[in-house]
Structure formats: structure tokens, C-alpha cells
Amino acid sequence: MFPRLVGSWSGGEVVPLYIVVEGKKTFTITPNMAITTAIALLIGTYYIFNIEYPAAGRSTYTFLEAVLLGKDKEARKRVTIQKLLSDLAH
């Protein structure tokens, strides 16, 4: 099972928000954290647990790495716009 962000919708916002790995909460995203921080922590979880991105979303995660973590040189080698749009469509 892949790491993911999981939360509940309440009163117009997602509270609480967790990073979950193999069905277990590994990190709680506090309400004062930006969503970009939560996504960066999610990406970091893949690195910490040495897990490959899921094939269906690999281009999306690679794009997020490039944007949020400044790994654009690496991302250019691994993702094309067509692959990104295809992943987002699924």
C-alpha cells in the first residue's frame, strides 16, 4: 500500500489530515500547515520508507517533486506533459 494523505471534510475544510502508510497514521498535518508542506511531507515519506511511486501517478509525483522540491532537472528526464495529463485524467 502506498503512502497517502487522508482526511475528513468538516465545516468547509479538511480536518484532520494525516499521512498514512500501510493503514497506519505516521504523521498528523496540523491545521496551520500549508497544503504544499503536507504534499512535500508525503513525497518525503516515499523516500524515508524507500517506496517507489505508484505507476498510475508517477508523473504527477515527479511533477510535484520538481515544483515543490526544486528537482526540475531530474523531473525533465522522467516526465512529459502528455504523461502528466494522462495520469491526471485517470
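Everything below is about the structure shown above.
Caption draft 1: Spotlight on the pairing of strand E3 (residues 24–29). In terms of strand pairing, strand E2 (residues 13–21) meets E3 through five bridges, oriented antiparallel. Paired with Val21 across the two strands is Lys24, which belongs to E3.

Caption draft 2: Spotlight on the side chain of Thr45. Take Thr45: it is sitting in helix H1 (residues 35–48). Ignoring sequence-local partners within four residues, the contact set of Thr45 consists of Pro3, Ile19 and Val21.

Caption draft 3: Structural detail: helix H2 (residues 58–69). Over its twelve residues, H2 extends 15 Å from the first C-alpha to the last, a length consistent with the 16 Å expected when each residue adds 1.5 Å. Regarding H2, the residues found buried are Ser59, Tyr61, Thr62, Glu65 and Ala66. End-on view of H2: buried residues confined to an arc of 165°, all on one side of the axis. Downstream of H2 by a residue or two, Gly70 has a phi angle that is positive, lying close to 70°.

Cut-offs applied
- Residues numbered from 1 in each chain as written.
- Predicted model: local features only at pLDDT ≥ 70, side-chain atom pairs only at ≥ 80, totals over all residues.
- Heavy atoms only, no water.
- Pairing = 2+ DSSP bridges.
- Helix = DSSP H or I, 4+ residues; strand = E, 2+ residues; numbered from the N terminus.
- Contact = heavy atoms within 4.5 Å.
- Expected span 1.5 Å × (residues − 1).
- Buried < 20%, exposed > 50% of the residue type's maximum accessible area, 1.4 Å probe, protein only.
- Arc of directions from axis to C-beta.

No statement about biological role is implied by the geometric values presented.
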